[in-house]
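Residues per chain, in single letters:
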Amino acid sequence: MATTSQPLRGKTTCKKLFWAVFPHACFIVSLVIYAFLGALMFSHIEGTRKVTVSKEYRKFLQKLTNLARNFSDNVTENEEMFGDDIRELFNAADPVWFIKPEERWNFFGSLFFCCTVFTTVGYGNTYPVTRIGKYLCMLYALFGIPLMFLVLTDMGDILATVLSKSYNEFRELQSKLLASKLCSGSTCSKRNELKSRTQSKIVINEPLTIMELLRNQSGVKGGPVKYRNVELFEMLIARENENTQPARNKSMERWSSCPELAREKTVSRVIKNFDKIGKQLEKLDVPIVLMVLVIFVYISCAAAILPNWEKNMDFQEAFYFCFITLTTIGFGDTKLEHPKFFLFFSLYIMIGMEIVFIAFKLGQDRLIVLYKKVISFCAEKNMPSKKIYPK
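Just so it is clear, the model here is predicted, and its values are computed rather than measured.

Regarding the packing of aromatic side chains
What the rule picks out here adds up to 12 aromatic pairs. Centre to centre, the rings of Phe42 and Phe113 are 5.1 Å apart; their planes meet at 80°, and the pair counts as edge-to-face. In this pair, Phe42 sits in helix α1 (residues 2–47) while Phe113 sits in helix α5 (residues 107–118), placing the two residues 71 residues apart along the sequence. Accessibility assignment for this pair places Phe42 and Phe113 in one class, buried. Measuring from ring centre to ring centre gives 4.5 Å for Tyr298 and Tyr348, while their planes differ by 5°; the resulting arrangement is stacked. Note that Tyr298 is positioned in helix α12 (residues 288–305) and Tyr348 in helix α15 (residues 346–382), a separation of 50 residues in sequence. For the pair Tyr298 and Tyr348, one class covers both residues: buried.

Next comes the structure, spelled out in structure tokens:
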């Protein structure tokens, strides 16, 4: 029986673990599928568009040739004016004129664009040009942004539990170390002896059953005991035990024989797991300084790795780029030359955005507490003092 029960317990634990992990995996897989579908859609629409030479582009080329002729005629006189004119001309130019659609909107480039859409980063260097692409971009963001925030909330629960547990364990270890330093050997031994003495004196009496109580009462009276009442109670208790045990067995047989009830039970568990999303994030209470330190270390690690394939970046530029990305500001002033490598960095962005989101949530809670204290302090100051009149 023991050998058969062990694999059954293993199967039940595996099932419980699977259904516990299922909501988290469901959100992440759905976001990945959504990103891949968007990449296929935008690469087909924007990558295969026909490049037409517009009137604005022809005017730009005409102005550029005129400026080049004027500069070649008078090199020394018009050097400063040429610099200002050429700067104004290129600032007014559309970046789409200098981009090949099949290179910018390949699968990896489109996937990078989709990640910038539903993460709300929006660097601005890649954007749809066609009218259908613009409409689909709005529709894609309408469903992708809530899905991304749902994944962030779900991952926030996991990070919140990890952070709270590690912080609580650190505090316990710190308190133990402080207690060991404060407590000397003789005093600690005396305290342990006193604790052992007090614990040895304490005797926990378990509650008596009905049978023992009746027998004790019959022994105390010492007179003639009515055994019929005792036998009657014994029969009632035995019958009650017989009725309760089969009920449990029947319920177990019912669950095992009817798979529909078992499915309903698992479905209810999964729904409960979905309902718990975001609860651990609300309970998180760690110092804001700790979160700032975690963000600094997290961004510093990425800033040390990113210049290995982005040669135009140093550590400071990469740190600035990672901060702008994780806070979803996305100015677009720092561009990436290799978005393929950056896609492997997408998991880093999601976890980093969640850490920043947790830090912002804690900062928001601290600000609310501060505002409450300031308002209560101002209210107490403005309250009129009670005057005591003589009787």
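From this point on, the discussion continues.
Re a positive patch on the surface
A surface patch of like charges, here positive, comprises Lys55, Arg58, Lys59 and Lys63. In this structure, Arg58 sits in helix α2 (residues 55–73).

As for the UniProt feature "transmembrane region" (unreviewed entry) in the protein chain
Taken from the UniProt record, the annotation "transmembrane region" (unreviewed entry) applies to residues 17–42, 107–126, 286–306 and 341–360. For residues 286–306, the helix share is 86%, the strand share is 0%, and the end-to-end C-alpha distance is 30 Å.

Quick look at the state of the cysteines
This structure, assessed with the given rule, holds zero disulfides. A disulfide-free cysteine, Cys115 has its sulfur positioned 7.0 Å from the sulfur of Cys114, the nearest such atom. On the accessibility criterion, Cys115 (18% relative accessible area) is buried. With no disulfide of its own, Cys137 has Cys114 as its nearest cysteine by sulfur position, at a separation of 8.4 Å.

Thresholds applied
Residues numbered from 1 in each chain as written. Predicted model: local features only at pLDDT ≥ 70, side-chain atom pairs only at ≥ 80, totals over all residues. Heavy atoms only, no water. Phe/Tyr/Trp six-rings, centres within 6.5 Å; stacked < 30°, edge-to-face > 60°. Helix = DSSP H or I, 4+ residues; strand = E, 2+ residues; numbered from the N terminus. Buried < 20%, exposed > 50% of the residue type's maximum accessible area, 1.4 Å probe, protein only. Patch = residues over 30% accessible without salt bridge, like charges linked within 9 Å, V, L, I, M, F, W, Y side chains within 5 Å. Areas by Shrake-Rupley, 256 points an atom, 1.4 Å probe, with all protein chains shown as cover. Salt bridge = Lys/Arg side-chain N within 4 Å of Asp/Glu carboxyl O. Lys, Arg positive; Asp, Glu negative; His and termini not counted. Charge placed at Lys NZ, Arg CZ, Asp CG, Glu CD. UniProt positions renumbered as here; feature names shortened; annotations may be inferred. Disulfide = S-S within 2.5 Å.

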